[in-house]
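Take a look at the letters that make up each chain.
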Amino acid sequence: MLRLDTRFLPDFGEALRQNAPRLLEARSALLARKGEPGAMLGWLDLPEDTETLRLIRRYREANPWVEDFVHIGIGGSALGPKALEAAFGDGRVRFHFVDHVEPEPLRALLGRLDPGKTLVNVVSKSGATAETLAAFLLFLRWLEEALGEGWRRHVAVTTDPQKGPLRAFAEREGLASFPIPQEVGGRFSVLSPVGLLPLAFAGVDLEALLAGARKANAQAQGPLEEALPLHTALLQDLHRERPISVFMVYSERLKHLPFWFVQLHSESLGKRDREGRRVGTTALPALGPQDQHAQVQLFREGPPDKLIALVIPEHPVEDLEIPKAEGLEAAAYLQGKTFHRLLRAEAEATYQALAEADQRVYALYLERVDPYGVGWLLQHLMWQTALLGELWGVNAFDQPGVELGKALTRALLG
Ligand SMILES: O=P(O)(O)OC[C@H]1O[C@](O)(CO)[C@@H](O)[C@@H]1O
């Protein structure tokens, strides 16, 4: 269950009423394109895709020997699974996310792994991303040298169903491969095999994850009063003159989630609109309670240039009591309370303190940090982003601004 709280934004109810026609129009425009080739709305259907789930399950069951899982991919091909594995992985398979090209950690990782017990999963929608291909070449050579012809069993490829160099390679070599549906872009792909394959090896409850996402889909398409993504899209839209959009999550398990959100928000919305105007707000990742001791000073007393979204878990999955001890009077107020109660109190205190400093802040209450709740949250945020694309007149599903950097990298390498 996901719940929006706007208690410190008393003007929001009226703004929602006034903006209802715009919001409903944005949603209709988005849904009207569903099914059109190139509309890139395939992420809406991923939560229903039980066939892919079945294939992934089968592959996981056929490979019980895997002890180390190397996930090679970057951006949308890594950030979602990285966030979810950290949150919900059962630890039985060790995960290594290779989303960089720094030689020292690459050497160190190769030195630690046993090729006979390692599965290398290369993930790239385009099949042509420099960082991903470079790392894949390295791991390919390493597997071939250690295992000879047997290397093929140790590689899985997740890429476009038809196009691209990795698709062609997987087919030529007869490798296990999984499709990223054509109509699903990288940053909207966490519930495709991009996320589901690694998370199956991580022991995550995939049904619950997808069931949560289905709830977000249902809510988003329901009556305006219940359509939460329309509400948070409006909150972001109303504050678009504030250049910074803080995404602060009160959960250690979800510590990588803000980085997934940063790519989703920034790469989808930071671009030129149809009139050529530059639009977008800068997503700033933050984590509670750690950032109470780092960024919250700025959020409270710094310039009023931010909209702050707090994600606050309402209940723990399993709680833990803070023990009592003699002779530590300073901690008396903590003793006998639970850790979740402390976490929740800190989140509420920050929420209130920010509002009292006249900062614009709202909260998304997550019933529990579990796959169901987080599946809901992820799909909610994808809806929010797609709706903002409509409201801001930008294509939320392309990323023309990153192409020049890629071309220049190639040129510099000769
Ligand atoms: O999955 P690919 O094609 O390797 O792309 C990785 C990432 O690179 C980008 O194309 C550009 O940053 C992202 O949109 C994408 O998630």
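Residues numbered from 1 in each chain as written. Predicted model: local features only at pLDDT ≥ 70, side-chain atom pairs only at ≥ 80, totals over all residues. Heavy atoms only, no water.

The protein chain carries the name Glucose-6-phosphate isomerase in an unreviewed UniProt entry, which gives Thermus oshimai JL-2 as its organism. UniProt lists a comment for the protein chain under the heading Subcellular location (unreviewed entry), and it reads "Cytoplasm". (UniProt positions renumbered as here; feature names shortened; annotations may be inferred.)

Student: In this structure, what is going on with the UniProt feature "active site" (unreviewed entry) in the protein chain? I would like to understand it.
Tutor: UniProt tags Glu267, His293 and Lys406 as "active site" (unreviewed entry). Taken together, the annotated residues stretch across 140 residues and extend over separate regions, lying up to 37.1 Å apart by C-alpha. Looking at where Glu267 falls in the secondary structure, it is placed in helix H10 (residues 257-269). On the basis of relative accessible area, Glu267 is assigned to the partly exposed category, the value being 23%. When near neighbours in sequence (up to four residues on either side) are disregarded, Glu267 contacts Arg187, Val262, Asp398, Gln399 and Val402. Residue position: His293 is located in the loop between strand S10 (282-287) and helix H11 (296-301). Taking relative accessible area as the criterion, His293 reaches 67% and is therefore assigned exposed. (Helix = DSSP H or I, 4+ residues; strand = E, 2+ residues; numbered from the N terminus. Buried < 20%, exposed > 50% of the residue type's maximum accessible area, 1.4 Å probe, protein only. Contact = heavy atoms within 4.5 Å.)

Student: How should I be thinking about helix H2 (residues 50-62) in this particular structure?
Tutor: The α-helix advances 3.6 residues per turn, and as a result positions three or four apart in sequence lie on the same side. The terminal C-alpha atoms of H2 lie 18 Å apart, and with 13 residues this matches the ideal 18 Å at 1.5 Å per residue to within 8%. Within H2, the full set of buried residues consists of Thr52, Leu53, Ile56, Tyr59 and Arg60. One side of H2 carries all its buried residues, which in axial view fall inside an arc of 125°. Among the exposed residues of H2, those pointing more than 90 degrees away from its buried face are Thr50 and Glu61. With a side-chain oxygen positioned 3.4 Å from the backbone nitrogen of Glu51, the residue opening H2 is Asp49. (Expected span 1.5 Å × (residues − 1). Arc of directions from axis to C-beta. Polar contact = N/O pair within 3.5 Å; in protein donor to acceptor, adjacent residues only side chain to side chain.)

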